[in-house]
Amino acid sequence: MSISVSLRYRLADFSMDLAFDAPDGVTVLFGPSGSGKSTVLNAVAGLLRPDNGRVEVGGTVLTDTARRLFVPPHRRRLGVVFQDGRLFPHLSVRQNLRYGRWFTPTHTRRTPESAVVEMLGIGALLDRAPTTLSGGERQRVAIGRALLADPRLILADEPLSALDDDRKGEILPYLERLRDEWGVPMLYVSHSPAEVARIATTVVMLDAGRITRIGPAAEVLADPLTAGPGREAGAVIEAQVIRHHDDGVTELAAGGLPLFLPTLAAPPGASLRLRIAAPDVMLARGRPAEISALNILPGTVETLTDQRGQVLVRLSTPAGPVLSRITRRSATQLGIAPGEAVTAVVKSVSHAPADVGRAHG
């Protein structure tokens, strides 16, 4: 379900002026705090009236200031998942799930409650109170409540930001299933590159109320001009599981190149997304011999971007674009320059579980 948004809005010292169209899938609004991500989400939800603007979801116009059209929030058929779940404490899990149905016309109710409960693995929680749930369980229930509203679109406002890494790892596979198996469109707010790499179909990068970049996740995240500091910079490649070895290593193939990671819970043939953080990529001239790193990616230097004494190098490899952050001294000693052939070396153990997800196919 496509999304078309055009907004102009001013509040005190903040102004927004942007427009974008996004195809089916998960559109992630990505950028630093204060960039306007939640403002866009609120405008789509109908919680904010723009000074000038138009919002269209799946062919249905929800806001059009030129025509003085503004559909009230409760009639927009949008499901919302907040940072903290916002479940009703006086209702059981089952009652919270069914709350979304109350505003959904009977003839539009197509999603079976049993299917949502099974997909989210919350059958054992139905009679419990929200106060007895973990953070991850509350978010799963919140996702289920949004789904049972049979929405045109799910709006997710940093739904994992209040969770620790383990709970985030618990929720991300469910978001991937919504994208791939259920085909539920989402407009998702995040400032986490790992989340974006895992679930985004389209990335809309914002800064100070303006769009700085828009496109598929693999293209946007590998753009040195929009890369963040430290481990926030990284590229996304797709790989297929080949086999699991007895020594605790999973072998994958990406663009005809072998990759090795600690054993993954994915069957042979599965397609995965791998996020490779720029600080985890070393560069070498030629093919290194007798080193512990297992992942060797030959490539060609595309660009070099200075970043306060360091250099962010973008490589073209058969597996896809890869970013490497090295010191300026290293770049000089190696003679790194556009067009030069180099080898990217990536440690197998540097990949966190959150950096590996299922590919969108």
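The name an unreviewed UniProt entry assigns to the protein is Molybdate transport system ATP-binding protein, from the organism Paracoccus alkenifer.

**Description of the side chain of glutamate 251**
As for its position among the elements, glutamate 251 is in strand β13 (residues 249–254). Judged by its relative accessible area of 14%, glutamate 251 falls in the buried class. A polar side-chain atom of glutamate 251 sits 2.8 Å from a polar atom in the side chain of histidine 245.

**Here's the deal with the packing of helix α4 (residues 135–147) against helix α5 (residues 165–182)**
Look at α4 against α5: their axes get within 9 Å of each other, and the N-to-C directions meet at 20°. Between α4 and α5, the angle falls in the class roughly parallel. Of the two elements, α4 crosses α5, and the hand of that crossing is right-handed. In contact with Gly136, Glu137, Gln139, Arg140, Ile143 and Leu147 of α4, α5 contributes Arg167, Glu170, Ile171, Tyr174, Leu175, Leu178 and Trp182. Class assignment for the residues of the contact of α4 with α5 results in 7 nonpolar, 2 polar and 4 charged.

**Structural notes on the sheet that holds strand β2 (residues 14–22)**
In spatial order, the strands read β2-β1-β4-β5-β6; together these 5 strands make up an open sheet with antiparallel pairing. A strand with exactly one partner marks an edge of an open sheet, and here the two such strands are β2 and β6 (69–70). The pairing of strand β5 (residues 60–64) with β6 spans 2 bridges and is classified as antiparallel. Among the inter-strand pairings, threonine 63 is bridged to a residue of β6, identified as phenylalanine 70.

**A word on the nonpolar core**
Among the nonpolar cores identified, the biggest contains 43 residues, and Val28, Leu97, Ile143, Leu147, Leu175, Tyr188 and Val203 are the most heavily contacted of them. If we skip the residues at most four places from it in the chain, isoleucine 143 touches Val81, Leu120, Ile171, Leu175 and Leu178. One finds Leu274, Val311, Ala319 and Val322 within the second-largest nonpolar core, a separate group that totals 30 residues.

**Describing unusual backbone geometry**
Positive phi, close to 45°, is recorded for aspartate 150, a residue that is not glycine. Relative to the helices and strands, aspartate 150 resides in the loop between α4 and β8 (153–157). On the accessibility criterion, aspartate 150 (8% relative accessible area) is buried. With phi around 55°, alanine 208 is a residue other than glycine that occupies positive phi space. Looking at the secondary structure, you find alanine 208 in the loop between β10 (202–207) and β11 (210–216). Given the relative accessible area of 47%, alanine 208 is considered partly exposed.

**Some remarks on the pattern of salt bridges**
Side-chain pairs of opposite charge can arise where the charged atoms are in close proximity. On inspection of all chains with the given rule, the structure shows 18 salt bridges. When the shortest N-O distance is used, the salt bridge between aspartate 180 and arginine 179 registers 2.6 Å. Of the residues examined, aspartate 180 reaches a relative accessible area of 24% and is grouped as partly exposed. Judged by its relative accessible area of 4%, arginine 179 falls in the buried class. Across the pair arginine 285 and glutamate 340 runs a salt bridge whose closest N-O atoms are separated by 3.0 Å. Taken as a pair, arginine 285 in the loop between β16 (281–284) and β17 (295–307) and glutamate 340 in the loop between α8 (328–334) and β20 (341–346) lie far apart in primary sequence, 55 residues in all. Accessibility expressed as a relative area gives 30% for glutamate 340, which makes it partly exposed. Sharing partners across several salt bridges, the network here consists of Arg177, Arg179, Asp180, Glu181 and Arg358.

**As for the packing of aromatic side chains**
Considering all chains together, one arrives at 1 aromatic pair under this definition. Sitting over the face of the ring of phenylalanine 70, arginine 49 holds its NZ or CZ atom 3.9 Å from the ring centroid. Above the plane of the ring of phenylalanine 70 lies arginine 76, whose end atom (NZ or CZ) is 4.8 Å from the centre.

**Considerations on the environment of aspartate 280**
Relative to the elements of secondary structure, aspartate 280 occurs in the loop between β15 (271–277) and β16. With 66 residues separating them along the chain, aspartate 280 and valine 346 place their C-alpha atoms 6.1 Å apart. Among the polar contacts listed, one links the side chain of aspartate 280 to the side chain of arginine 231, at a separation of 2.7 Å.

**Structural notes on the domain arrangement of the protein**
Annotation of the protein at the domain level lists domain 1 (3–222) and domain 2 (234–358). Between the C-alpha centres of domain 1 and domain 2 the distance comes to 32 Å. Listed by partner, the interface residues are 16 residues for domain 1 and 14 residues for domain 2. Approximately 1,200 Å² of surface area, both sides summed, lies buried where domain 1 meets domain 2, with 48% of it carried by carbon and sulfur atoms. Per-residue buried area on domain 1 facing domain 2 is highest for Ala197, Arg198 and Ala222; these three make up 41% of the total on that side. Remark: the boundary between domain 1 and domain 2 carries 2 salt bridges. Here glutamate 181 ties to arginine 358 by a salt bridge, and the two come within 3.2 Å at their closest N and O atoms. Counting every contact that joins domain 1 to domain 2 gives 8 residue pairs in polar contact (both at pLDDT 80 or more). Within the residue set of the side of domain 1 that touches domain 2, elements represented by two or more residues are α5, α6 (193–199) and α7 (217–221). With 6 residues, α6 is the single largest residue contributor to the side of domain 1 that touches domain 2. Looking at the side of domain 1 that touches domain 2 residue by residue, the classes come out as 10 nonpolar, no polar and 6 charged.

The rules behind each value
Residues numbered from 1 in each chain as written. Predicted model: local features only at pLDDT ≥ 70, side-chain atom pairs only at ≥ 80, totals over all residues. Heavy atoms only, no water. Helix = DSSP H or I, 4+ residues; strand = E, 2+ residues; numbered from the N terminus. Buried < 20%, exposed > 50% of the residue type's maximum accessible area, 1.4 Å probe, protein only. Polar contact = N/O pair within 3.5 Å; in protein donor to acceptor, adjacent residues only side chain to side chain. Axes fitted to C-alpha atoms, helices over the stretch in contact; angles between N-to-C directions. Parallel < 35°, antiparallel > 145°, perpendicular 65-115°, else oblique. Left-handed = near helix turned anticlockwise from the far one by under 90°. Contact = heavy atoms within 4.5 Å. Nonpolar A, V, L, I, M, F, W, Y, C, P; charged D, E, K, R; others polar. Pairing = 2+ DSSP bridges. Core = buried A, V, L, I, M, F, W, Y, C linked by side-chain atoms within 4.5 Å. Salt bridge = Lys/Arg side-chain N within 4 Å of Asp/Glu carboxyl O. Phe/Tyr/Trp six-rings, centres within 6.5 Å; stacked < 30°, edge-to-face > 60°. Lys NZ or Arg CZ within 6 Å of the ring centre and 35° of its normal. Domains from an automatic or database assignment. Buried area = accessible area lost by both parts, 1.4 Å probe.

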